[in-house]
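The chain contents come next:
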Amino acid sequence: MNAIQALSKRVSVAQLTGPDLTPDEEEKLFLAALRAPDHAWMRPSRYLTVRGDERQQLGRLFLESTDNWQTLAEDKQTKLLNMPMRAPLIVIAICTVTDHPKVPREEQLLSTGAGVQNMLNAAYALDIGAIWRTGDVAYNRKIAAGLGLKDNEEIVGFVYLGRVNTTPKPVPELAISDFVQSWPIKSS
Ligand SMILES: Cc1cc2nc3c(=O)[nH]c(=O)nc-3n(C[C@H](O)[C@H](O)[C@H](O)COP(=O)(O)O)c2cc1C
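Residues numbered from 1 in each chain as written. Predicted model: local features only at pLDDT ≥ 70, side-chain atom pairs only at ≥ 80, totals over all residues. Heavy atoms only, no water.

**Q** Mind showing me how you'd approach unusual backbone geometry here?
**A** Leave glycine aside and you will find that most residues have negative phi; peptide bonds, for their part, are mostly trans. A cis geometry characterises the amide bond from G18 onward to P19, with omega recorded as 0°. Secondary-structure assignment places P19 in the loop between β1 (16–17) and α2 (23–33). Here R43, not a glycine, exhibits a phi torsion of approximately 55°, which is positive. Take R43: it is sitting in the loop between α2 and β2 (45–51). Non-glycine residue N68 carries a positive phi angle of around 50°. Mapped onto the elements, N68 comes out in the loop between α3 (54–64) and α4 (74–82). (Helix = DSSP H or I, 4+ residues; strand = E, 2+ residues; numbered from the N terminus.)

**Q** What should I look at first to understand the site of the ligand in this one?
**A** Around the ligand, the surrounding shell consists of R10, V11, S12, I131, W132, R133, T134, G135 and K169. Separating an oxygen atom of the ligand from a side-chain N or O atom of R133 is a distance of 3.3 Å. Out of a free accessible area of 610 Å², the ligand has 55% covered by protein chains. Its residues assigned to classes, the shell around the ligand shows three nonpolar, three polar and three charged. (Near = heavy atom within 4 Å. Polar contact = N/O pair within 3.5 Å; in protein donor to acceptor, adjacent residues only side chain to side chain. Areas by Shrake-Rupley, 256 points an atom, 1.4 Å probe, with all protein chains shown as cover. Nonpolar A, V, L, I, M, F, W, Y, C, P; charged D, E, K, R; others polar.)

**Q** So what exactly am I meant to see when it comes to the environment of E26 here?
**A** With respect to the helices, strands and loops of the structure, E26 is situated in helix α2. Among residues more than four places away in sequence, those in contact with E26 are L21, R51 and L89. (Contact = heavy atoms within 4.5 Å.)

**Q** Before we go on, may I ask you to explain α2 in this structure?
**A** Since there are 3.6 residues in each turn of an α-helix, residues three or four apart along the chain are aligned in direction. Those residues of α2 that fall on the buried side of the exposure criterion are E25, E26, L29, A32 and A33. Looking down the long axis of α2, one finds its buried residues gathered within 125° of arc, a one-sided arrangement. For α2, exposure combined with an orientation more than 90 degrees from the buried face picks out P23 and L31. As for α2, its buried residues are in contact with β2, β3 (89–96), α5 (105–125) and β5 (153–164). (Buried < 20%, exposed > 50% of the residue type's maximum accessible area, 1.4 Å probe, protein only. Arc of directions from axis to C-beta.)

**Q** Mind showing me how you'd approach the packing of α2 against α5 here?
**A** Geometrically, a packed helix pair is captured by the angle between its two axes and the distance between the axes. Between α2 and α5, the least distance of the axes is 7 Å, while the angle of their chain directions is 140°. Comparing the axis directions of α2 and α5 gives the class oblique. Here α2 and α5 pass one another in a crossing that is right-handed. Residues L29, F30, A32 and A33 of α2 form the contact with α5, whose own contacting residues are G115, N118, M119, A122 and A123. Its residues assigned to classes, the contact of α2 with α5 shows seven nonpolar, two polar and no charged. (Axes fitted to C-alpha atoms, helices over the stretch in contact; angles between N-to-C directions. Parallel < 35°, antiparallel > 145°, perpendicular 65-115°, else oblique. Left-handed = near helix turned anticlockwise from the far one by under 90°.)

**Q** Mind showing me how you'd approach the pattern of salt bridges here?
**A** Counted according to the given criterion, the structure contains seven salt bridges. The closest approach of N and O atoms between D38 and R43, which form a salt bridge, is 3.2 Å. Among the residues examined, R43 registers a relative accessible area of 49% and is labelled partly exposed. Residue K142 pairs with D67 through a salt bridge whose shortest N-O separation is 3.4 Å. Linking K142 in helix α7 (residues 141–146) with D67 in the loop between α3 and α4, this pair joins segments that are 75 residues apart in sequence. Under the relative-accessibility criterion, K142 is labelled partly exposed at 47%. (Salt bridge = Lys/Arg side-chain N within 4 Å of Asp/Glu carboxyl O.)

**Q** I'm lost on the packing of aromatic side chains in this one. Help?
**A** When we look at a pair of aromatic rings, we describe it by the centre distance and by the angle of the planes. Enumeration over the complete set of coordinates arrives at two aromatic pairs. When the ring of F30 is compared with that of Y47, the centres are 5.9 Å apart and the planes differ by 55°; the resulting orientation is tilted. Highlighted residues: F30 in helix α2 and Y47 in strand β2, separated in sequence by 17 residues. Overall, the relative accessible area of 18% leaves Y47 in the buried class. Lying over the aromatic face of Y160, R133 brings its terminal NZ or CZ to 5.5 Å of the ring centre. (Phe/Tyr/Trp six-rings, centres within 6.5 Å; stacked < 30°, edge-to-face > 60°. Lys NZ or Arg CZ within 6 Å of the ring centre and 35° of its normal.)

Structure, rendered in structure tokens:
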């Protein structure tokens, strides 16, 4: 697949399955992620991988870090426990935010987000299914601490990766003219 095709046709895949990604595939994904643009070469991004039985440990962390989890309805508890089981591999994208005279926090987070997007595009080009997820679990500081994040580190996304055994959804047809205008905009 050529690059333009991958960039313009990529879709997220929510339902993912094994077999596991190969070491070579994983290396390609991380090489792509590490090519994210990065103002002042701060290298704000790092990634954790969670796979195999460790996904159950992550599910327990999701559940037990949720406020008043013991009183949650059983189906909600099960949902949190099973979240990491939705794919054979989860990559947790983390931004280490530090003070810099020219690079505000937002730009550091954007750089990690660009790394995630590079990974999604590379996955699509390699025929690997992927989806970027956040939700409450991404912003819960107890979960961050349980993963070993420092106070200045933020979860930018959980990237779920695996094999595709469903028909991918169609690419939405968006009209460029609805999103792109020449400036100055002429009043009609
Ligand atoms: C920062 C971010 C967080 C997201 N979090 C979730 C999420 O928690 N759950 C979810 O189903 N989709 C989430 N999405 C959306 C999916 O990743 C995906 O983009 C969406 O399903 C549309 O599919 P597409 O990428 O094929 O257009 C998130 C997207 C972004 C950019």
